[in-house]
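# Close look at the chain arrangement
Now for the letters of each chain:
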Amino acid sequence: GTIGGSVSLNALTITNTADADFLGITAKSLTQVNGQGETFFGGPLQIGTNGVSLTGNAFDFVNSVSVAGGGFSITNRGLFTQEPLADMTIVGNFLQDGKGSSSIGADVISSGSITWSSTISLIDGVLWDTATLLGGNIQTSSRIDSTASNPLTITAGDSVVLGGVIGTASTGVGSVSISGSTASIRSIYTRGSTISITPPITLNAPAVISSTSSGNGLGASITCGSTIDGFFDLQMNVGTTGILTVG
């Protein structure tokens, strides 16, 4: 059954576990100190103003997550999975800082910053949003790939910093849309889907912005709404069917 379904708990702490399976949790705070196997959250999480702090191996979220304060941090040695129905609304910062990879198929909306440290595979369309709740930066440190043509929308209340490439020359993601005050980027590849980057762009490495990774030469429109700067080479490719617009 659920934890705190009738009367909310104050603090729920998991000191250590081989595996754990939760149907749903309502508590003022949720903490996992360590875990050896997988921690599975099958139902909705409604966490109060003291936030979520999770450390362990693998984590799997199937349903929605709501955090009223204190933020959400996850340190995963294994795979962190956010299933397509596991949208997260976080008051405070969202931080993924484990060395394990992430398989992401749902949205994260935060009133603070959104930070990803490890590689990400998109398993569905994803929105990362810090603008709606008047938050701050959105930052990634590693590569973002996709199992199919899954779109990625990044809407920042402040700056966007992409420390890794999005997609590859042979297997791009779906459409990519980036908005914020500034955008520091590397290469972006989509599978014949549009790329839109609204703020001023700074290249932080040699970059390719291409909508033609489907392999058939067909592309889609690429729109950069402002300036592009940086001491690096830039290639842009819209294929035979796309339109390139800069500024």
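In short, a report on the structure. (Residues numbered from 1 in each chain as written. Predicted model: local features only at pLDDT ≥ 70, side-chain atom pairs only at ≥ 80, totals over all residues. Heavy atoms only, no water.)

## Details of the overall build of the protein chain
What counts here: The helix and strand labels rest on DSSP assignments: H or I over at least four residues marks a helix, E over at least two residues marks a strand, and numbering proceeds from the N terminus. Using C-alpha atoms as the atom set, the radius of gyration is obtained and then compared with a globule rule of 2.2 Å times the number of residues to the power 0.38. Here the term buried applies to any residue with accessible area under 20% of the maximum for its type, exposed to any over 50%, and partly exposed to those in between, with areas from a 1.4 Å probe on protein chains only. Note on contacts: a residue pair is in contact if any heavy atoms of the two residues lie within 4.5 Å. The protein chains shown are the only cover counted for residues, whose accessible areas, like all others here, come from Shrake-Rupley with a 1.4 Å probe.
Of the regular secondary structure elements, the protein chain holds zero helices and 31 strands. The C-alpha atoms of the protein chain give a radius of gyration of 19 Å, which matches the 18 Å a tight globule of 247 residues would have. The C-alpha extent of the protein chain, read off along each of the three principal axes, is 60 × 35 × 30 Å. Taking all 247 residues of the protein chain together, 46% fall into the buried category. Intrachain contacts of the protein chain at a sequence separation of at least 6 include 24% that bridge at least 24 residues. When the accessible surface of the protein chain is summed, it comes to about 9,900 Å², and 52% of that surface belongs to carbon and sulfur atoms.

## Topic: the environment of Leu-152
Turning to its location among the elements, Leu-152 is positioned in strand β20 (residues 152-155). Leu-152 sits in the buried class, given a relative accessible area of 1%. Among residues more than four places away in sequence, those in contact with Leu-152 are Leu-122, Val-126, Trp-128, Ile-144, Ile-166, Ser-175, Val-176 and Ser-177.

## Some thoughts on the sheet that holds strand β7 (residues 58-61)
Strand pairing in a sheet takes place through backbone hydrogen bonds and is either antiparallel or parallel in direction. Note the following rule: DSSP bridges decide pairing: two strands pair if at least two such bridges lie between them. Fitted lines through C-alpha atoms serve as axes, helices being fitted only where they are in contact, and the angles separating the N-to-C directions of these axes extend from 0 to 180 degrees.
Taken together, the seven strands give an open sheet; going across it, the order is β2-β4-β7-β10-β13-β16-β19, and neighbouring strands pair in parallel fashion. A single partner strand is all that each edge strand has here, and the edge strands are β2 (20-22) and β19 (144-146). The sheet shows a mean angle of 15° between the axes of neighbouring strands, direction not considered. The sheet contact formed by strand β13 (residues 102-104) and strand β16 (residues 120-122) spans three bridges and is parallel. Bridge pairing in β16 places Ser-103 opposite Ser-121.

## Re the side chain of Ser-29
Structurally, Ser-29 is set in strand β3 (residues 25-32). Note on Ser-29: relative accessible area 10%, which makes it buried. Leaving out residues up to four positions away in the same chain, Ser-29 has contacts with Asn-10, Ala-11, Leu-12, Ile-47, Asn-50 and Gly-51.

## Description of the sheet that holds strand β30 (residues 234-237)
In spatial order, the strands read β24-β27-β30; together these three strands make up an open sheet with parallel pairing. The sheet terminates laterally at β24 (188-189) and β30, the two strands that pair on one side only. Note: β24 against strand β27 (residues 207-210), two bridges, orientation parallel. The residue bridging Tyr-189 from the neighbouring strand is Ser-210, located in β27.

## Let's talk about the packing of aromatic side chains
We apply this condition: Here the aromatic set is Phe, Tyr and Trp, taking the six-membered ring for Trp, and pairing holds for ring centres within 6.5 Å; pairs whose planes are under 30 degrees apart are stacked, those over 60 apart are edge-to-face, and all others are tilted.
For the structure on display, the rule yields eight aromatic pairs. Considering the side-chain rings of Phe-80 and Trp-116, the 6.2 Å spacing of their centres and the 20° angle between planes classify their relative orientation as stacked. Pair noted here: Phe-80 is in strand β10 (residues 80-82) and Trp-116 is in strand β15 (residues 114-116), with a separation of 36 residues, a long-range link. The buried category is assigned to Phe-80, whose relative accessible area is 0%.

## Considering the pattern of salt bridges
Proximity of charged atoms lets side chains of opposite charge pair with each other. Note the cut-off: One speaks of a salt bridge when a side-chain nitrogen belonging to Lys or Arg is within 4 Å of a carboxyl oxygen belonging to Asp or Glu.
One pass over the structure, following the stated rule, counts one salt bridge. The partner of Arg-143 in a salt bridge is Asp-145, and the shortest N-O contact between them spans 2.4 Å.

## Quick look at the pairing of strand β6 (residues 52-56)
In β6, alternate side chains face the same way, and those of Val-52, Leu-54 and Gly-56 are buried while those of Ser-53 and Thr-55 on the opposite face are not. In the sheet, β3 pairs with β6 via three bridges, with the strands oriented parallel. In the strand pairing of β6, Leu-30 is matched with Val-52.

## Observations regarding the side chain of Ser-193
When you line up the elements, Ser-193 lands in the loop between β24 and β25 (195-197). Once residues within four sequence positions are removed from consideration, Ser-193 is found in contact with Gly-174, Ser-175, Ser-211 and Ala-220.

## Description of the nonpolar core
Rules: Here, the term nonpolar core denotes a set of buried Ala, Val, Leu, Ile, Met, Phe, Trp, Tyr and Cys residues that are joined through side-chain atoms within 4.5 Å.
By size, the foremost hydrophobic cluster in this structure holds 54 residues, and its most contacted members are Leu-30, Phe-61, Phe-72 and Trp-128. Ranked by the residues each element gives to this core, the list is headed by β3, at three residues.

## Notes on unusual backbone geometry
Even without a glycine there, the phi angle at Leu-134 is positive, about 60°. Structurally, Leu-134 can be placed in the loop between β17 (126-129) and β18 (138-140). On the basis of relative accessible area, Leu-134 is assigned to the exposed category, the value being 74%.

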